[in-house]
Each structure stands twice: as C-alpha cells, then as structure tokens.
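One letter stands for each residue in the lines below.
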Amino acid sequence: MATCWRLGACSLLVALWLLHCCSCGWSETTRTNGVAKDETKEQELMSHERVKRGWVWNQFFVVEEYTGTEPLYVGKIHTDSDEGEGNIKYTISGEGAGTIFIIDELTGDIHATERLDREEQSYYTLRAQARDRLTNHLLESESEFVIKVQDINDSEPKFLEGPYIGSVGELSQIGTSVMKVTASDADDPTYGSSARVVYSVLDGERFFTVDRQTGLIRTAVADLDREKQDRYELVVKATDMAGQMGGLSGSTTVTIVITDVNDNPPRFPQKMYQFSMSEGAAVGTPVGRVIATDADMGENTDMSYLIKDEEGGELFKVTTDSDTQEAIITIKKALDFESKRTHNVVVEAVNKHVDPRFSELGSFRDQTIVRVSVNDIDEPPVFHPAEGTILEVQEDARLGALVGTVTAKDPDMENAPVRYSIDQSTDQEQIFHIDPVSGAITLGNILDRETAGWHNITVMAVEADNVSQISHSSVSIRILDVNDNPPELATPYEASICEDAKPGQLIHSISVVDRDEPQLGHRYYFTLAPEATNNRHFTLWDVKDNTAGIRTQRSGFNRHEQNVYLLPILVVDSGPPALSSTGTLTIHVCGCDPEGTIQSCNATAYAISTSLSPGALIALLVCMLILIVLVLLILTLKRHRKGQSMSEDEEDMRDNVIKYNDEGGGEQDTQAYDMSTLRNLFDFPETKGSLSESGPELRTLPQWIQGRMSGDGEAADFSLFKGYIRKKVEQTDGDLSVPPYDSFQTYAFEGNSSPALSLSSIHTLSTTSDQDFSYLSDWGPRFRQLAGYYAPGHPEEDGS
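Presented here is an overview of the structure given in this document. The shown structure was predicted, so the numbers you read here are calculated from the model rather than taken from an experiment.

Taken as a whole, this structure holds 15 salt bridges when the rule is applied. Here Arg 449 and Glu 517 are joined by a salt bridge, their closest N and O atoms 3.7 Å apart. Placement of Arg 449 in the loop between strand 30 (440-443) and strand 31 (454-463) and of Glu 517 in the loop between strand 35 (506-513) and strand 36 (524-528) is noted, with a sequence separation of 68 residues between them. Since its relative accessible area comes to 11%, Arg 449 is described here as buried. The exposed category is assigned to Glu 517, whose relative accessible area is 53%. A salt bridge links Glu 499 to Arg 559; the nearest nitrogen and oxygen atoms lie 3.6 Å apart.

Right, dumping it as structure tokens:
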C-alpha cells in the first residue's frame, strides 16, 4: 500500500513539473555569457550598443526517483550563434556526464538515464561546450551549469536517538516536562512539506502527552505513584507533510521511569517488642534490634531512631545500623534488678530527608514500645558513693590516725557481711591501712605533702560468703599542707654596684620560694640577719608584696679596699608556725665608666657580718703562725722517730718486705724476676760466703741466728717455720672465704724457744730466778721504769 502511494506521489509531481515548465519556460530565458564573470563594468555598458552572441538555456531540474522506461528529459542548451544548419556540435563534461546525463550533439537536448535520489546528491555541476563540427574549434567559451534534483516525499521521519528512556518524579504536577524526542526527515525542508514533521502519542496517552510541534513529553496526570507502578512504556509517532494525508510516518518507544520521592512515612510492623537482659550486663551490651519499614527507596528510606521517654533515655541508648536501617538498643547505664525489673522504652523512627511538599500527607515518624525484662544475678558489693571517694588528712598526722571510712553493701542481700582490702599495687609503700570489717582507712606511714600531694588507692570489697564477688572503688586522699618548710631565697642572688654608687640606690630585688602551700596564700617578711643589722653599707626595703629590695646606705665604695660584700638576709613566713631561713646576697664592687656601665670587678670576698677590728685581725694572724709552727714541729718529730724505728727494726726479718714495681706474667712466668728469693727463705745474699768471714756480713740477720751460726758453724734450721707456713697454706686453700687469687699473708710467729726468754714482769715475779737485771739501769731513761721493777726488793716492799 505504501509503494502505491509513493508511485502516485511521483506521478503527481512529474505532472506538476511539466505544467510549471510550460507556464514559465521560455518567458524566463536567460542570456548568459560564459566569460561574463570576468567582464568589467565598462564592457557591460558597451553591450547595450552591440549584441554579443552567447549561451541560451533554462534552469535545469530533474525529479528524483523517476521510474519511467525512457530517459527523462532534463532540458536544452543552445547558443544564439546556432542557425540550425547542423554545423555546431554540443558536448557536456562534469559530474555524471556521459553516464547519468547524455546530450544530443545536434540539438543540445539533455536527458537523465538513471534514477536519481536527492537524499544521496541534491545537484550536479556540469560544463557545456559548443564546437565547429568540421574543425572542432570552440565557438563559445565553456560555460558551467547546474542540474538540481527536485525532491519528492520519499523518506519517512526517523528517530535516530531512540529508543528513549526518561524519568519523572512521582506525584508530579500535570504538565511537568519529562523529556524531548526528535525525528529527522531526509527530504528537502526548503521544498514543500515533505520534511515538516508533527508528533503524536500512539500508546500511553492517558498518562503522558507530547507537543505536536516540538516533541516535548509532559505528564497528563498528577497521581503518578511509584509504589503502584514505577515505569511506563509510550509509543510516539512522527508524521511528515505536517500530518496531512499521504504523509509518511515513523515511531519510537519511550520508557518513562517514575522516580521516588519521600511520600511515605516509616512504619513499625509491631507496636511492641520484648527483650530480656541480665542485670550484670556491661554498659554497651546490645539488648535487641527493631526496624521500621518504608515504602520509599534510596535515601528516602534513611531514618534515625531515638528514645522518647526520659526514663528509657537514662538507661538505654539507640543507634542506627547504616547498612540495614535497624535500630540497635544498647545498655547505657547498668541495670539493677532490685531497683526495677521491667523497663518500657518508647522508640521513635523518623525520616532523615523529609520533603516539605508532602507535609500535608501526615507525620513522617512512627513509634513502638520496647519492653526490657531484667534478670537477677548475684552481684558484687556496691560502694557508696559509686563514683569514688575523696578524703583529706593533715600531712603531720600521727601514725594510726583515721583518714576516712569507705562503705560497700551487698545489693542482693541486706546486712550481708563485706570485707575490705587495699590493692597493694596502688599502695606499694603501704602508707595506708584499712580495717577489713569497718572499712576505716588509717595512716601507716609518715606523710609529706611536698613529696606527694595526692594519693590514689584502690579499695576492694568482697562478699564474706562468696569471695569471687569483688568490686573496686577509687579513693583519692588529699594531703593537707602544714607549714613545715622555711622560705628560701629563689636563687643565690648576686648584685654589682659601682664605686661611685649614690646613697639610697636600688641594687637588687629579691624573692623567695616556699615548698608549702598555705590555703590563705604566702606572706613573707624580710629583714637583715642580726649579724648584719649594724652594717653601714646597705639597707633592706620590704616591698610588702613578698619581695624586697636592697639599697645602698652610703657612697664612696672602693673595690681596692673591699670588692665583695656578703649580706645575710633573714626571711620569715606567716606560719603557723612561723619558719625562717637566712640567705646571702653577694654584692660585687666594680669599676664603671661615666655612664654607669660596669667595666671590671674583683672576686675577693669579705664578710661584713664579722666587722673585725685591726687588733683582732693581728691576733688572728698570730694564731695562724703558731699553728703553722706546731705543725712543722710535729712533722719533724715524727720523721726523727721514724728514722730511729727503722734502724732498730732492721734486724727483724719479718718487717723486711721487698717491694717490686714489676707486674709479672703470672705463676707460669718465671723469667720476669728471680724466684729464688721466694723459694729459699733463709738464703740471704749476706750469708753467701765462708762462715769464717768477718762479722759485718751477718749484720742484717737476727742476732739469735748469728749466735747459732757463729757458735756451732752449722746452718740455721728453718724447718719449724716451714712447717708452720705449710700448715697455714693448707688452711688457706681449704677456706672458702679466702679470695681465689694470690694473696700476701703475714704471721707473727716467734718459734718454740728463744734465748731471750720472756720479758714479762708477771712471769719473772712468779719464778725464783736469780738473774741479775741491774744492767737495765744502764740502758738509759727509756728502761728506767723497767729497771725499777727488777731491782732487789726492799724489806718494806716485801712486807707490804
């Protein structure tokens, strides 16, 4: 059917074109010149005087989609120099020449031999030539002409971007724009109505409309509800020829998605939820989850939960799970079965993104009741107060003094016994003690607030019948200050003054520090120490703000006479009791330039507190000289006595210790020094030689050895000493307390018999010896007392 319509339209257009050519064909003949484009204005004026030969033709058109069997006549080219004698030959060149378009060489008639499509090519550009048939020379300049392809309505409108998908919010007002569709027609928009397109809705016109001219789709109703239907399928048709009969049409599918708006409030499926929880559950333990549903989607379902009743808000907390949109109820405060066994919590769900356009639809919130039943358990003792205790005690409190009392009770049983103790990790020095029955905390050690102003201990309470039930409580003990530290100067103050300082000049300002912290604050009093009150050099000025200033009392200081003054300052606090300390201010006398800038200072100190007179200084010097003389005399006497004792002790071999400043290589090193001296105790260098030699060679040996050697000529027998030393060595080796390295042992052993016998007066008096000791009186004053003891007895002495 569409093909028949198309053929009829083509026949109608051909007839119209033929009528058009007949009505205005030759009347609009145009005289053209192939080279008229290059003529000047002067040549154009001359053409009015002389007619020049040139090309003559009409505007050329050819109808597209021609379906006839014979070539379609297009037009005729002619030159006014052609007199019809047949001596001119017409030819064409350019687009389609010889293939699509052919020309009669004799008459100049042009025909189209193929079916043309304007949508593929709308015009063809060709060039015409007129030649002499015999000589083939151009008779006219080559001229360009155009053959236009005349349009017919052979292309239907097409939706090049289809199928389309659009969206519109639910509950939108009537006439709300959804989207725009556009159809394209390949026909010539400048010729007729072939490309003039109008739009209409074929399916879905109940809910949507389309603008006839623009293709804009709008809503036709105001009650589009996504929750009922979330998308619509439309069929939109586009018709050319402005919708007139015989126009061609095309259609496309438009899918319109209904987007969600927050038009539905949250709703709890149940009006009450029940949960149970143990009273010993920790804070933060989840009790349960509830959820409110929302028919909307996306962020319009986001909701938050809150607890509406005040009591429930104190014990429970509700949060929102961002993934599942559930309400999570957790314990905010510890539950107590003994206080309340059931809790009704009102939970409310509220939309986060409320659209004010739909506020008239109602409240976008809903409530439910969450009932929580508390289960009883055996609980540890509970301290009162539960958050901890703060106690105070004076730092000078005596040992055993009461600091305070803590109290804990068993919540499950009234008057159940509780036992108290202190966590030793919090009181490692055991400063405090606690009575296990009463909970009274007493002092177990001396306190010092300046060392630790606060003590934080942990008290534990357990049930007497069940020691596994234990609870802890922090006890903070504040040490109250007492005035037990004297004030002190803040630093070892030093000051400098110029030699030409004026009386009353402020030298330095001083302040003090005090480790105590009285509740009413510090108040200090400054005075000069009693030994410095009579000085004529400086005065102290108490500023009354816990500082003091030092001023000069005179002028004319001379650093060559005295360059340093030590000024003792007494500082007293306000107590009670009032404590004091003395500090020293060192004042240097310096040389200054005329501007008062210090140039140099000496460092010889002179205490002004002494205030010594010249006579006292002379007496002090005399005493020092006497002390020096006494020290020298004592040293001289000690040296003299030392020389005598050394000469007397030369004969005693036990005191002859040979010292070597040579560190050997150990017991295995026998090459570093001579070992014979240690191995042969009796082989002295003085005895090497003949026994008949003179006496001076034996001078270093003890006299009793010399006597034995000179008496019988035999070597001295040291076996007794060797045995004694061997015995001592064995005892030393077996003694575990002796250091495991070489040591030097000294033994005072004289042997079994001595030719000198005993000098003890007691032993002598106890025997009837007839030995004469009168020779003792000849030994000098040192033996005079001893000689008196051994003198012959007098009758009166015997009688006594």
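Moving on from the model shown.
With that out of the way, let us pick up the sheet that holds strand 26 (residues 402-405). The antiparallel open sheet is built from 3 strands, whose spatial order is 26-30-29. Edge positions in the sheet fall to strand 26 and strand 29 (432-434), since each has one partner strand and no second. Each neighbouring strand pair of the sheet contributes to a mean axis angle of 25°, computed without reference to strand direction. Relative to strand 30, strand 26 runs antiparallel, the two being bridged by 3 bridges. Bridge assignment links Gly 404 to a residue of strand 30, and that residue is Ile 441.

A word on the sheet that holds strand 21 (residues 326-331). With antiparallel pairing, 3 strands are arranged side by side in an open sheet as 18-21-20. Taken across any chain shown, the strands that pair with only one partner, and hence form the sheet edges, are strand 18 (286-291) and strand 20 (316-320). Ignoring which end each strand starts from, the neighbouring axes of this sheet average 25° apart. Here 5 bridges tie strand 18 to strand 21, and the two strands are oriented antiparallel to one another. Bridged to Pro 286 within strand 21 is Thr 330.

Our focus in this paragraph is the side chain of Asp 593. Turning to its location among the elements, Asp 593 is positioned in the loop between strand 40 (580-592) and strand 41 (598-601). For the buried Asp 593, no salt bridge is present, and the opposite-charge side chain at shortest range is Arg 559, 12 Å distant.

What follows covers the nonpolar core. In this structure, Phe 268, Val 287, Val 290, Tyr 305, Phe 316 and Val 370 are the most contacted members of the largest nonpolar core, which totals 25 residues. For this core, the elements supplying multiple residues, two or more each, are strand 17 (272-278), strand 18, strand 19 (303-307), strand 20, strand 21, strand 22 (342-351) and strand 23 (365-375). Residues within four places of Tyr 305 in sequence aside, it is in contact with Phe 268, Val 290, Ile 291, Ala 292, Val 318, Thr 320, Gln 325, Glu 326, Ala 327, Val 347, Glu 348 and Ala 349. Formed by 24 residues, the second largest nonpolar core is a distinct cluster that contains Leu 489, Tyr 524, Ile 550 and Leu 567.

Each neighbour pair has its own omega, and for Gly 162 with Pro 163 the value is -5°, a cis peptide bond. Here the bond from His 384 into Pro 385 is cis, since omega is 0°, no more than 30 degrees from zero. With respect to the secondary-structure elements, Pro 385 resides in the loop between strand 24 (382-384) and strand 25 (389-394). Positive phi values are uncommon outside glycine, yet Asn 415 reaches one of about 65°. Note that Asn 415 resides in the loop between strand 27 (407-409) and strand 28 (418-422). Backbone geometry places Asn 546, a non-glycine residue, at a positive phi of 70°. Inspection of the secondary structure assignment puts Asn 546 in the loop between strand 37 (538-542) and strand 38 (547-552).

Conventions adopted
- Residues numbered from 1 in each chain as written.
- Predicted model: local features only at pLDDT ≥ 70, side-chain atom pairs only at ≥ 80, totals over all residues.
- Heavy atoms only, no water.
- Salt bridge = Lys/Arg side-chain N within 4 Å of Asp/Glu carboxyl O.
- Helix = DSSP H or I, 4+ residues; strand = E, 2+ residues; numbered from the N terminus.
- Buried < 20%, exposed > 50% of the residue type's maximum accessible area, 1.4 Å probe, protein only.
- Pairing = 2+ DSSP bridges.
- Axes fitted to C-alpha atoms, helices over the stretch in contact; angles between N-to-C directions.
- Lys, Arg positive; Asp, Glu negative; His and termini not counted.
- Core = buried A, V, L, I, M, F, W, Y, C linked by side-chain atoms within 4.5 Å.
- Contact = heavy atoms within 4.5 Å.

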